[in-house]
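# Analysis of the macromolecular model
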Amino acid sequence: MPTTYTLISSNVLTSSQASVTFSAIPADYTDLVIRASIRSDRGAANEVLYVSFNGTGGTSHSYTVLQTNSGSPQSYNGANTDGIAVNVNASTTTSDTFTSFEQYIPSYTVSQSKPTSIFSTTENNAATPNWIATVAGLWRNNSAITSVVLTPLLGSNWVTGSSFYLYGISNA
Amino acid sequence: MPATYEKIATITLGSAAASIDFNSIGSGFTDLRLVLIGKPTTNNASFLFRLNSDSSSLYSYTEIYGDGSSAASYRETNINTGKICHAVSSTYPSMGTLDLFSYAGSTFKTSLATDSSDRNGAGGTVRRIVNLYRSTTAISSITLLLDSGDFASGTTATLYGILKA
């Protein structure tokens, strides 16, 4: 019986890194899951994580965000973007606090636009933003997803200790 | 060693259909997880579910959602379906997941749904929904439904079993 939930690749940062890329993703699975623990070196409380499929530089991504940081929940969207955005932790928050991030990407090889779901949480025992967010993302492209890039849009780097895991889910 | 995460069944529609059925679900798992990706044949249709073909008013849900400009919460009580997703577009596929906990137990059945339905601009939605089915009967079937239109051809639903043994 084939394994349903398989680690494809991982990247645990031992030094700061400007972005993380999962490339050459095989078409052997049904769905993809990314799990990550993330912090940026931006000199602010928050960073915007951009998730881009099959390279950057396009305008075929979009997203709708629902989030709160202890105030009233808020929602916003982005259209014709280069990635799918969500707030994550940055360098002025409590030391050693990282955002827990999960993204589900169903049917990543099927020839249709690709919806995706993100859930992202941060808690840092402080009044600075502790974002909890869920995102509906869309990539308007029929190509199979073969790479994913996770970029800090506002800062420079993901810090040492950030970790990124890509899993494949098979319904075979 | 038993598998922790195991596919039970996958259904991909070859033509539009008003419902998708998972029947004869065994009690060999602890929890169930449903992954649904597809389009409705009309804009703004909700993907719903019914358990054990029970259409009595034993379902309720509470949701928090955003539509790209505002956030709100909403609930329904004493209705005859649960809710997975509000699919805003018949052009772009939406996705929903449903985690159904302790489905074979003898207590009321709680489930958590995740909704992701974007359409590149205004009018997308994202939500989290907690559902309750007030029945103590073990779940042996799940029927996926819509409140308007059909599931479009190509819609795919996969049911997984999660095992703690």
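These numbers were taken from a predicted model, which means no experiment stands behind them.

## Here's the deal with the sheet that holds strand β3 (residues 31–38) of chain A
Residue and element names in this part refer to chain A.
- One open sheet holds the 8 strands; their spatial order is β1-β12-β3-β8-β9-β10-β5-β6, and the pairing between them is antiparallel. One side of each edge strand has no neighbouring strand; the edge strands of this open sheet are β1 (5–12) and β6 (74–81). On average, adjacent strands in this sheet sit at an angle of 15° to one another, irrespective of strand direction.
- In this sheet, strand β12 (residues 163–169) lies alongside β3 in antiparallel orientation, the contact comprising 7 bridges. By the bridge assignment, alanine 36 is partnered in β12 with phenylalanine 164.

## Considerations on the packing of aromatic side chains
- Per the counting criterion, the structure on display carries 8 aromatic pairs over all chains.
- An aromatic cluster is defined as three or more aromatic residues linked by ring pairs; in this entry it consists of Tyr5(A), Tyr167(A), Tyr5(B) and Tyr160(B).
- Its end group placed over the ring of Phe119(A), Arg128(B) keeps NZ or CZ at 4.2 Å from the ring centre.

## Description of the confidence of the model for chain B
- Per-residue pLDDT for chain B averages 96, and the proportion of residues at 70 or more is 98%.
- The complex prediction reports pTM at 0.95, with the ipTM value standing at 0.94.

## As for the pattern of salt bridges
All names here are of chain B.
- Across all of its chains, the model carries 5 salt bridges over all chains by this definition.
- Residue arginine 33 pairs with aspartate 99 through a salt bridge whose shortest N-O separation is 2.7 Å. Here aspartate 99 lies in strand β8 (residues 94–100) and arginine 33 lies in strand β3 (residues 31–38), a separation of 66 residues in the sequence.
- On the accessibility criterion, arginine 33 (13% relative accessible area) is buried.
- With relative accessibility at 18%, the residue aspartate 99 sits in the buried group.
- Its salt-bridge partner being arginine 127, residue aspartate 115 comes within 3.4 Å of it at the nearest N-O pair. One end of the pair, aspartate 115, is in strand β9 (residues 109–117); the other, arginine 127, is in strand β10 (residues 125–133), with 12 residues separating them in the sequence.

Calculation notes
- Residues numbered from 1 in each chain as written.
- Chains lettered and ligands numbered in written order.
- Predicted model: local features only at pLDDT ≥ 70, side-chain atom pairs only at ≥ 80, totals over all residues.
- Heavy atoms only, no water.
- Pairing = 2+ DSSP bridges.
- Helix = DSSP H or I, 4+ residues; strand = E, 2+ residues; numbered from the N terminus.
- Axes fitted to C-alpha atoms, helices over the stretch in contact; angles between N-to-C directions.
- Phe/Tyr/Trp six-rings, centres within 6.5 Å; stacked < 30°, edge-to-face > 60°.
- Lys NZ or Arg CZ within 6 Å of the ring centre and 35° of its normal.
- pLDDT = per-residue confidence, 0-100.
- Salt bridge = Lys/Arg side-chain N within 4 Å of Asp/Glu carboxyl O.
- Buried < 20%, exposed > 50% of the residue type's maximum accessible area, 1.4 Å probe, protein only.

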